[in-house]
Amino acid sequence: MSSILNTWPWYITGPLIGLFVPFLLVVSNKLLGISSSFQHICSIVLNTKKFSVSGYNAASNRWKFLFVIGILLGGLFCKVLLTNPGTTFLPENYYTAKGLTLLFAGGFLVGFGTRYANGCTSGHSISGISTFQLSGLIATVSFFIGGLIYTHFLFSLFN
Amino acid sequence: MKDIKFILSGIVFGVILTKADVISWFRIHDMFLFKEAHMYLIICSAIATAAVSVLLIKYFKIKSLDKKEIVIEKKILNKGTIIGGGAFGLGWAITGACPGPIFAQIGFGEWPAIVTLIGAVLGAYSYSVTKSKLPH
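The paragraphs below set out a description of the structure included in this document. What you see is a predicted model; the values in this text were computed from it and never measured. (Residues numbered from 1 in each chain as written. Chains lettered and ligands numbered in written order. Predicted model: local features only at pLDDT ≥ 70, side-chain atom pairs only at ≥ 80, totals over all residues. Heavy atoms only, no water.)

## Re the interface of chain B and chain A
(1) Moving on: With 106 residues of chain B in contact, the opposing surface of chain A contributes 105 residues.
(2) Moving on: Buried area between chain B and chain A, both sides added, is near 9,700 Å², and the carbon and sulfur share of it is 78%.
(3) Moving on: Interface area lost by chain B to chain A is led by Lys19(B), Lys75(B) and Phe108(B), which between them contribute 9%.
(4) Moving on: Taken together, chain B and chain A are joined by 1 salt bridge.
(5) Moving on: A salt bridge links Arg62(A) to Asp3(B); the nearest nitrogen and oxygen atoms lie 2.5 Å apart.
(6) Moving on: The tally of links between chain B and chain A comes to 26 residue pairs in polar contact (both at pLDDT 80 or more).
(7) Moving on: Sorting the residues of the side of chain B that touches chain A by element identifies helix 1 (2–19), helix 2 (25–32), helix 3 (38–59), helix 4 (79–95), helix 5 (99–108) and helix 6 (112–130) of chain B as the ones contributing at least two each.
(8) Moving on: It is helix 6 of chain B that provides the largest number of residues to the side of chain B that touches chain A, a total of 17 residues. (Contact = heavy atoms within 4.5 Å. Buried area = accessible area lost by both parts, 1.4 Å probe. Salt bridge = Lys/Arg side-chain N within 4 Å of Asp/Glu carboxyl O. Polar contact = N/O pair within 3.5 Å; in protein donor to acceptor, adjacent residues only side chain to side chain. Helix = DSSP H or I, 4+ residues; strand = E, 2+ residues; numbered from the N terminus.)

## Quick notes on the nonpolar core
(1) Moving on: Counting 71 residues, the largest nonpolar core has Phe38(A), Ile71(A), Phe13(B) and Trp92(B) as the members making the most contacts within it.
(2) Moving on: A total of 8 residues in this core trace back to one element, the largest contributor, which is helix 3 of chain B.
(3) Moving on: Each residue touching Phe38(A), except ones within four places of it in the same chain, is listed here: Val110(A), Gly111(A), Thr114(A), Pro99(B), Ile102(B), Phe103(B), Leu117(B), Ala120(B), Val121(B) and Ala124(B). (Core = buried A, V, L, I, M, F, W, Y, C linked by side-chain atoms within 4.5 Å. Buried < 20%, exposed > 50% of the residue type's maximum accessible area, 1.4 Å probe, protein only.)

## What about the packing of helix 4 (residues 58–81) of chain A against helix 5 of chain B?
(1) Moving on: Look at helix 4 of chain A against helix 5 of chain B: their axes get within 7 Å of each other, and the N-to-C directions meet at 40°. One element, helix 4 of chain A, and the other, helix 5 of chain B, form an angle in the oblique class. Taken as a pair, helix 4 of chain A and helix 5 of chain B cross one another with a handedness that is right-handed. Facing Val68(A), Ile71(A), Leu72(A), Gly75(A), Leu76(A), Cys78(A) and Lys79(A) of helix 4 of chain A, the residues of helix 5 of chain B in contact are Gly100(B), Phe103(B), Ala104(B), Ile106(B), Gly107(B) and Phe108(B).
(2) Moving on: Here the residues of the contact of helix 4 of chain A with helix 5 of chain B sort into 9 nonpolar, 3 polar and 1 charged. (Axes fitted to C-alpha atoms, helices over the stretch in contact; angles between N-to-C directions. Parallel < 35°, antiparallel > 145°, perpendicular 65-115°, else oblique. Left-handed = near helix turned anticlockwise from the far one by under 90°. Nonpolar A, V, L, I, M, F, W, Y, C, P; charged D, E, K, R; others polar.)

## Overview of unusual backbone geometry
All names here are of chain A.
(1) Moving on: Despite not being glycine, Asn29 shows a phi value in the positive range, around 60°.
(2) Moving on: Within the secondary structure, Asn29 sits in the loop between helix 1 (10–28) and helix 2 (36–45).
(3) Moving on: Accessibility expressed as a relative area gives 21% for Asn29, which makes it partly exposed.
(4) Moving on: Although it is not a glycine, Phe132 sits at a positive phi angle of roughly 60°.
(5) Moving on: In this structure, Phe132 sits in the loop between helix 6 (121–130) and helix 7 (134–158).
(6) Moving on: Classification of Phe132 as exposed rests on a relative accessible area of 53%.

## A closer look at empty space enclosed by the protein
(1) Moving on: Summed over all chains, the structure comprises 1 cavity of 30 Å³ or more.
(2) Moving on: The calculated volume of the largest cavity comes to roughly 200 Å³.
(3) Moving on: Lining the largest cavity are 18 residues; nearest its centre among them are Thr121(A), Ile126(A), Leu17(B), Val22(B) and Cys98(B).
(4) Moving on: Contributing elements (two or more residues each) for the lining of the largest cavity: helix 6 of chain A together with helix 1, helix 3 and helix 5 of chain B.
(5) Moving on: Top contributing element to the lining of the largest cavity by residue count: helix 3 of chain B, with 4 residues.
(6) Moving on: Residues that form the lining of the largest cavity fall into these classes: 15 nonpolar, 3 polar and no charged. (1 Å grid on protein atoms, 1.4 Å probe; cavity = no way out; pocket = protein on both sides within 12 Å on 5 of 7 lines; lining within 4 Å. Points joined across faces, edges and corners; volume = space filled by probe spheres on them.)

## A closer look at helix 2 of chain B
(1) Moving on: Most of helix 2 of chain B is tucked away: 7 of the 8 residues are buried.
(2) Moving on: Taken together, the buried positions of helix 2 of chain B are occupied by Trp25(B), Arg27(B), Ile28(B), His29(B), Asp30(B), Met31(B) and Phe32(B).
(3) Moving on: Those residues of helix 2 of chain B that are buried are in contact with helix 7 of chain A together with helix 3 and helix 4 of chain B.
(4) Moving on: For helix 2 of chain B, the capping residue at the N-terminal end is Ser24(B), with a side-chain oxygen 3.2 Å from the backbone nitrogen of Phe26(B).
(5) Moving on: Looking one or two residues past helix 2 of chain B, Phe34(B) carries a phi angle of roughly 55°, positive in sign.

## Concerning the layout of surface pockets
(1) Moving on: Counted as a void, the largest pocket has a volume near 610 Å³.
(2) Moving on: Around the largest pocket, the lining comprises 35 residues; the ones closest to its centre are Ser36(A), Asn61(A), Arg115(A), Asn118(A) and Glu73(B).
(3) Moving on: Sorting the residues of the lining of the largest pocket by element identifies helix 2, helix 4 and helix 5 (97–117) of chain A as the ones contributing at least two each.
(4) Moving on: No other element matches helix 4 of chain A, which puts 4 residues into the lining of the largest pocket.

What follows is the structure, given as structure tokens:
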């Protein structure tokens with residue numbers, strides 16, 4: 001009983017994540033992707049008409065907004081029923097003013113970068129590569145270059 | 001009913017992301033430090049599973065539930081793929097969250113992730129208004 005509360009092994013979770021690609025294709029002819037949901041939130045917060053001018057198709061991305069609401073509820077479900085008490089996912093120093101500033105900057109890069117690149121880890125790395133698209137591979141290499149630069153060269157400056 | 005389907009599948013996806021630990025800043029940090037194989041094994045096995053499934057869909061000409069031909073969206077490849085991808089990589093390493101996990105972190109009660117989300121929405125907005133001036 002205790003093992004289900006621990007981290008599930010990669011050979012269960014990895015394939016399950018991968019199965020969402022055929023699942024969404026068969027169920028609704030959609031390619032798994034998440035970062036467009038940020039634009040959908042923009043289009044809800046701002047005037048939708050104004051936002052549609054910039055080339056954003058709200059109708060075709062509405063499902064991603066519903067999907068991320070589900071992800072949030074999934075996180076809540078795990079917190080309440082499926083995790084050992086005391087489990088944390090963010091370092092303590094992110095609970096300070098300096099940490100929050102860093103998270104804001106990082107979040108901005110995530111939103112800006114994924115839209116500029118037209119996809120994130122799900123849309124490019126998983127959906128893109130698994131459907132044999134060169135852009136998925138190039139994007140994934142770029143994600144890692146960015147991540148390696150921060151972790152190896154910039155991390156020590158900010159922490 | 002159509003909406004419920006996406007919310008329910010999102011819940012399952014959120015549970016898997018959370019239990020896989022891919023929403024953990026510590027796991028992302030260790031991945032970029034090459035300290036452990038966990039994240040690499042998850043990403044690679046996810047891609048492999050998805051690729052085999054997509055090949056099967058193509059080989060057996062499987063139709064979607066509404067009996068239409070399955071069409072795979074073409075992902076654009078341009079300068080943005082590299083520049084934007086690099087920017088996202090920096091953000092991923094800082095926040096310990098790619099877009100899906102941001103929502104799972106919030107649901108899990110890691111409230112600073114709300115700030116990550118606000119940043120991400122503003123970032124997406126900034127892109128949409130500066131798009132025409134950026135190299136593509």
